[in-house]
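This is what each chain is made of:
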Amino acid sequence: MMPLNNPTRHDSTQEWIGPLGDTLPADADRATLVGRIWNPHVGGPSPVLLQAGVLWDISSTFPTVSDLCEADDPAAAARAASSTRIGTLADVLQNTPPETRDSGSPWLLSPIDLQAVKAAGVTFAASLIERVIEERAGGDPATAAAIRSDLVAIVGSDIAGVVPGSADAARMKDAMVAQGAWSQYLEVGIGPDAEIFTKAQVLSSVGTAVDVGVLTESQWNNPEPEVALVVQSTGRIVGATLANDVNLRDVEGRSALLLGRAKDNNASAAVGPFLRLFDDDFGLDDVRSLRVGLDVRGVDGFHLSAVSDMSMISRDPRALVDQLIGEHHSYPDGALLMLGTMFAPIDDRDAPGGGFTHRRNDIVRISSPQLGTLVNRVRESERCEPWSFGARALMKNLASRGLL
């Protein structure tokens, strides 16, 4: 099971959420930021627009974030929507962690609602190598270091520059097959077809300042910090946010057919803190050049910190969206697509060669200057807040509010 630490540590809200300014993009005053809150006064969620540190309920115009994202110009539509003041972001954020929450006041939710929650896998060279290692290790972290050394000796560093589906990729595949080094992960990493899978169920993702979940049985797992795109039903990309595609390396390593168990668990998909909608100040080219940071701090004193660039992705974000949605597959309520992780934490946490795995109460921060910071605390999935508000409950709630 996941190693347990003193559960009273990191329980101070301000201690692990951090300063309010870290939550927001550096240019928040120019950004169109949309999220969701739970509004106890109406017994349900509401889309909100953040302006000058204040959250404004726009549900009377757009009952769901999906509705807003289907507009011709979502950023302009959000700014023009009828709105009701909810309160300051500082107060709502402070009220979000479940153990200190006042149930009579609003708190933040994941910023998406009816969108399908999808993820692309093996889109960066570093994570590609780690997926192959998981497969060869059969989910056993103790053998990962030796396999990593052998595999890098075979593959080399050239794989980072290989364009998926290209003639060079095909030649590398032939060479690796001849050496017995081919893998299903290499197939989706440098082959013509991307790995795109369902990460979580509609309405099940969690937001910032709450717990993310790791199955109790898992002994080798890690965060997967990612940039995620918000996609209309037409396939048009209208915004971006941050995400944590929490992964159980031991489970997926035993068999790729266990991907669902490794990926889709209670509180295992974190998204936020806000959607940044595309406008004159932010668009897809900005996403392509984002720098994303990962910071993990444990109550055992462990600290991991790294920064990477979206420019290192092996498949262009537009190309990944084209593989997600089109004539071959429709998403009438739109979709959120996580673009894959550029991080594969391998730092030894305990014994040499043991690599990285989460411990209870780890604080995970995923940040980008243009998107803000998504912060979560790691707990067992079985101990995180249960997901109980689904599509049926949402429809009933919106109908009772006269919003349908």
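Sequence order as written defines the numbering, with residues in each chain counted from 1. Under the rules for a predicted model, residues below a pLDDT of 70 receive no local features and side-chain atom pairs below 80 are neither given nor counted, while totals for whole chains, interfaces and linings still include all residues. With hydrogens and water excluded, all non-hydrogen atoms of the structure serve as input to the side-chain values.

### Side note on the packing of aromatic side chains
Aromatic pairing here means that ring centres of Phe, Tyr or Trp (its six-membered ring) are within 6.5 Å. Orientation follows from the plane angle: under 30 degrees is stacked, over 60 is edge-to-face, and everything else is tilted. Tallied over the entire structure, the rule returns four aromatic pairs. Ring geometry for tryptophan 38 against phenylalanine 389: centres 5.0 Å apart, planes inclined by 90 degrees, an arrangement best described as edge-to-face. Of this pair, tryptophan 38 sits in strand 1 (residues 33-39) while phenylalanine 389 sits in the loop between strand 18 (372-380) and helix 14 (391-400); the two residues are 351 residues apart in sequence, bridging distant segments of the chain. Exposure class is identical for tryptophan 38 and phenylalanine 389. Each is buried. Seen in terms of ring centroids, phenylalanine 278 and phenylalanine 282 are 5.7 Å apart; in terms of plane orientation they differ by 70 degrees. Their pairing is edge-to-face. In textbook terms, an aromatic cluster arises when at least three aromatic residues are bridged by ring pairs, as seen for Trp38, Trp107 and Phe389. Helical segments are the DSSP runs of H or I of at least four residues, strand segments are the runs of E of at least two, and each set is numbered from the N terminus. Classification of residues uses two cut-offs on accessible area relative to the type maximum, computed with a 1.4 Å probe and protein chains only: under 20% is buried, over 50% is exposed, and between them is partly exposed.

### A closer look at helix 13 (residues 317-324)
Those residues of helix 13 lying buried are Pro317, Leu320, Val321 and Leu324. Along helix 13, the residues classed as buried sweep out an arc of 100 degrees about the axis, all on the same side. We call two residues in contact when some of their heavy atoms are within 4.5 Å. Where helix 13 is buried, its residues meet strand 6 (116-121), strand 7 (195-200), strand 10 (225-231), strand 11 (237-245), helix 12 (284-288) and strand 16 (335-338). A 3.5 Å cut-off defines polar contacts: any pair of N or O atoms within that distance qualifies, except that in protein one atom must be a possible hydrogen donor and the other a possible acceptor, and neighbouring residues in sequence count only when both atoms are side-chain atoms. The N-terminus of helix 13 is capped by aspartate 316, whose side-chain oxygen sits 3.0 Å from the backbone nitrogen of arginine 318. What the arc measures is the spread of directions leading from the helix axis to the C-beta atoms.

### Focus: the sheet that holds strand 17 (residues 363-368)
Read from one edge of the open sheet, five strands run 8-18-17-14-15, paired in mixed fashion. Either end of the sheet is taken by a strand with one partner, and the two such strands are strand 8 (210-214) and strand 15 (303-309). For this sheet, the mean inter-axis angle between neighbouring strands, taken without regard to orientation, is 25 degrees. Across five bridges, the pairing between strand 8 and strand 18 is parallel. Bridge pairing in strand 18 links glycine 213 to arginine 379. Only strands that DSSP links by at least two bridges are regarded as paired with each other. To obtain an axis, a line is fitted to C-alpha atoms, over the contacting stretch when the element is a helix, and the angle between two such axes runs from 0 to 180 degrees between their N-to-C directions.

### A few points about helix 14
Here helix 14 has its buried residues at Leu394, Asn397 and Leu398. Projected down its long axis, helix 14 shows its buried positions confined to an angular sector of 95 degrees, all on one face. Opposite the buried face of helix 14, at more than 90 degrees from it, the exposed residues are Arg392, Lys396 and Ser400. On its buried face, helix 14 sits against strand 2 (44-51). Taken from the residues just after helix 14, glycine 402 is the one with a positive phi, measuring 70 degrees.

### Some details on unusual backbone geometry
Here the residue pair glycine 272 and proline 273 is connected by a cis peptide bond, since its omega of 5 degrees sits within 30 degrees of zero. Structurally, the position occupied by proline 273 is in strand 13 (residues 269-277). If you check the backbone angles, leucine 203 has positive phi at about 75 degrees while not being a glycine. Here leucine 203 lies in the loop between strand 7 and strand 8. By relative accessible area, leucine 203 is classed as buried at 11%.

### Things to note about the pairing of strand 6
With respect to burial, strand 6 is a largely interior element, six of its six residues being buried. Of the two faces of strand 6, the one carrying Ala116, Lys118 and Ala120 and the one carrying Val117, Ala119 and Gly121 are both buried. Bridge count between strand 6 and strand 16: four bridges; the pairing is parallel. Within strand 16, the residue paired with lysine 118 across the bridge is leucine 337. With five bridges connecting them, strand 6 and strand 7 associate as antiparallel partners.

### A short note on the pattern of salt bridges
Definition used for salt bridges: Asp or Glu carboxyl oxygen within 4 Å of a side-chain nitrogen of Lys or Arg. One pass over the structure, following the stated rule, counts 22 salt bridges. Arginine 349 serves as the salt-bridge partner of aspartate 362, at 2.8 Å between the closest nitrogen and oxygen. With a gap of 13 residues between them, aspartate 362 in the loop between strand 16 and strand 17 and arginine 349 in the loop between strand 16 and strand 17 connect regions that are remote in the sequence. Both residues of the pair, aspartate 362 and arginine 349, belong to the buried class. For glutamate 380, the salt bridge goes to arginine 360, with nearest N and O atoms at 3.1 Å. A residue pair is termed long-range when its members are at least 10 positions apart, and glutamate 380 in strand 18 and arginine 360 in the loop between strand 16 and strand 17 qualify at 20 residues. For arginine 360, a relative accessible area of 12% gives the class buried. Through salt bridges with shared partners, a single network forms among Asp300, Arg349, Asp350, Arg359 and Asp362.

### What to know about the side chain of aspartate 245
Residue position: aspartate 245 is located in strand 11. According to the relative accessible area criterion, aspartate 245 is buried, its value standing at 1%. Here the side chain of aspartate 245 touches lysine 199 through a polar contact of 2.8 Å, side chain to side chain. Residues in contact with aspartate 245, not counting those within four places in the same chain, are Ala119, Phe197, Lys199, Glu224, Glu226, Lys263, Ser268 and Met338.

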